[in-house]
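If you want the building blocks of each chain, they are given just below.
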Amino acid sequence: MVLLQFLILQRVSNPDVGDYQAFSQSQGARNGAEAQQIDPNEAQARIASFAANLIKSGYDWQPGQMVQEGQEIYPRNFYLASLYFDMESDLRQNWLLTRARSYERQGFSFDKFLKGKYLSTVELSGNPQVKKLSKSQWQVDVRGVRVAVATDKNAKGAAFKEKLSFTFRIQEQQPRTGHEWGLEQSTLTQALNKFQTDGLKIIEYREEVR
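Residues numbered from 1 in each chain as written. Predicted model: local features only at pLDDT ≥ 70, side-chain atom pairs only at ≥ 80, totals over all residues. Heavy atoms only, no water.

> Is there a simple way to explain the nonpolar core in this structure?
Grouped burial of nonpolar side chains is what soluble globular proteins tend to show. In terms of nonpolar packing, the biggest core is built from 42 residues, with Tyr59, Trp95 and Phe168 touching the most fellow members. Here the element with the most residues in this core is helix H3 (residues 40–58); it accounts for 7 residues. Filtering out sequence-adjacent residues up to four positions away, Phe168 remains in contact with Leu54, Ile55, Phe85, Trp95, Trp138, Gln139, Val140, Val142, Ile202, Glu204 and Tyr205. (Core = buried A, V, L, I, M, F, W, Y, C linked by side-chain atoms within 4.5 Å. Buried < 20%, exposed > 50% of the residue type's maximum accessible area, 1.4 Å probe, protein only. Helix = DSSP H or I, 4+ residues; strand = E, 2+ residues; numbered from the N terminus. Contact = heavy atoms within 4.5 Å.)

> Would you mind going over the pattern of salt bridges with me for this structure?
Pairs can form between side chains of opposite charge whenever their charged atoms are close. According to the stated counting rule, one finds 9 salt bridges in the structure shown. Of the charged contacts in the structure, one is a salt bridge between Lys201 and Asp86, with a shortest N-O distance of 3.7 Å. Here Lys201, found in strand E7 (residues 200–207), pairs with Asp86, found in the loop between helix H4 (76–81) and helix H5 (91–106); they are 115 residues apart in sequence, far enough to count as distant. Across the pair, exposure class does not vary: Lys201 and Asp86 are buried alike. Where Glu204 meets Arg169, a salt bridge forms, and the shortest distance between an N and an O atom there is 3.8 Å. In this pair, Glu204 is assigned in strand E7 and Arg169 in strand E6 (residues 160–172), connecting sequence segments 35 residues apart. The exposure class assigned to Glu204 is partly exposed, which follows from its relative accessible area of 34%. Relative accessible area serves as the criterion here: at 26%, Arg169 is assigned to the partly exposed category. Because the salt bridges share partners, they merge into one network encompassing Glu72, Arg101 and Glu104. (Salt bridge = Lys/Arg side-chain N within 4 Å of Asp/Glu carboxyl O.)

Structure representation (structure tokens):
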């Protein structure tokens, strides 16, 4: 148990893609930079990388890093990952709220992670599987396992293991340059500016419950 806690603490303290800035950098143009069209020869690898980083970053919940929207408080990385969902429909809200309610029912609410009662890490089960559906749409299947442990030294074993299994439909769109969301240096403003330059958004998803 002590070894497992140590390994997860190391991953949380030094995440490979868990930091949103690292996730943003891995996806191409930074906010305010010149946007580039996706090279068709590199598109499949980029879509796979996008989906993998979305899950590994979005499910890396570190103590004290939170964002509030309305009455709900979310782990920062999970919330920022949601900005890649279509915001012209209820898809993004559905993604956020269904997970918040599900974790509450299971007794592992966001609050317990944000207060440092649990630490977690995500491992992917192989490379995401990408399929081109049309000129501007892709489907990607991504699988992984998230392991969480209690920080209480008297706890025994993993708190839970969560199998993550998603199919995303991703739409390529014309990237936009500039700072349409303003010049503030807040994490949210930077994320929104980053979103517009990436030229990618999730328009549909399915979750396989296993």
